[in-house]
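# Summary of the model geometry
Chain by chain, the residues run as shown.
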Amino acid sequence: MSEDDINTEEYPTEIHDYLAAFEKSLGSVDEMLKTMMSVSRSELLQKLEPLEQAKMDLVSVYTLNSMFWVYLATQGINPKEHPVKQELERIRTYMNKVKEIADKKKASKLDKGAASRFVRNALWEQNTENEQTSKTPAKGKKRK
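Residues numbered from 1 in each chain as written. Predicted model: local features only at pLDDT ≥ 70, side-chain atom pairs only at ≥ 80, totals over all residues. Heavy atoms only, no water.

## Structural notes on the pattern of salt bridges
Per the stated rule, a full pass over the model turns up 7 salt bridges. The residue Lys-34 makes a salt bridge to Asp-30 at a minimum N-O spacing of 3.4 Å. Remark: Asp-30 and Lys-34 occur in helix 2 (residues 16–38); sequence separation between them is 4 residues, near one turn of the helix. Overall, Lys-34 belongs to the exposed group, its relative accessible area being 56%. The closest approach of N and O atoms between Asp-57 and Arg-41, which form a salt bridge, is 2.4 Å. One end of the pair, Asp-57, is in helix 4 (residues 50–74); the other, Arg-41, is in helix 3 (residues 41–46), and 16 residues separate them in sequence. (Salt bridge = Lys/Arg side-chain N within 4 Å of Asp/Glu carboxyl O. Helix = DSSP H or I, 4+ residues; strand = E, 2+ residues; numbered from the N terminus. Buried < 20%, exposed > 50% of the residue type's maximum accessible area, 1.4 Å probe, protein only.)

## Here's the deal with helix 4
For helix 4, spanning 25 residues, the distance from its first C-alpha to its last is 36 Å, which sits close to the expected 36 Å at 1.5 Å a residue. Of the residues making up helix 4, those classed as buried are Leu-51, Leu-58, Asn-65 and Leu-72. Positive backbone phi, at 85 degrees, marks Gly-76, one or two positions downstream of helix 4. (Expected span 1.5 Å × (residues − 1).)

## Brief notes about helix 5 (residues 84–106)
With 23 residues, helix 5 extends 33 Å between its outermost C-alpha atoms, agreeing within 8% with the 33 Å of an ideal straight helix rising 1.5 Å per residue. Taken as a whole, helix 5 has its buried residues at Val-84, Leu-88, Ile-91, Val-98 and Ala-102. Check the buried side of helix 5 and you find it contacts helix 4. (Contact = heavy atoms within 4.5 Å.)

## Observations concerning the nonpolar core
Judged by nonpolar contacts, Leu-51, Leu-58, Ile-91, Val-98 and Ala-102 together constitute the single largest core of 5 residues. Those elements that provide at least two residues to this core are helix 4 and helix 5. Top contributing element to this core by residue count: helix 5, with 3 residues. Not counting chain neighbours up to four residues away, the residues in contact with Ala-102 comprise Leu-51 and Lys-55. (Core = buried A, V, L, I, M, F, W, Y, C linked by side-chain atoms within 4.5 Å.)

## What about a nonpolar patch on the surface?
The grouping of Val-29, Leu-33, Met-36, Met-37 and Met-67 at the surface amounts to a nonpolar patch, some 460 Å² of accessible area in total. Sort the elements by how many residues they give to the nonpolar patch and helix 2 lands first, with 4 residues. Topologically, Val-29 is positioned in helix 2. Using a relative accessible area of 34% as the deciding quantity, one classes Val-29 as partly exposed. (Patch = residues over 30% accessible without salt bridge, like charges linked within 9 Å, V, L, I, M, F, W, Y side chains within 5 Å. Areas by Shrake-Rupley, 256 points an atom, 1.4 Å probe, with all protein chains shown as cover.)

Put into structure tokens, the structure is as follows:
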């Protein structure tokens, strides 16, 4: 839509800013899709680790279903009563599972050896050397 097309159409002036923002968002989506489509899917997936591949697939299918949701809404069909709603919920479930896996992978792992050394050194224990040195008189000048 160009500025001239917007001015010639009849619509309430209150929604002009919303329409302009929507047009800008559509342009952004179009640019992203062109970028994604410029590289073949197989080439892209070969460069990614399995977890990243799963994220890519989930984002792609979620985006596609979200766009279909918007399409249904523009056609006057209630998307909440359409099977696309269950599909989006299913995809969100898998997205949460992938997020949990990624969080577990990023979580710090406990080094049991280091932890036991830390605790052992943090807790003071009197050893036999300390007992012997404390019982022997200190060398130095003797008092009379």
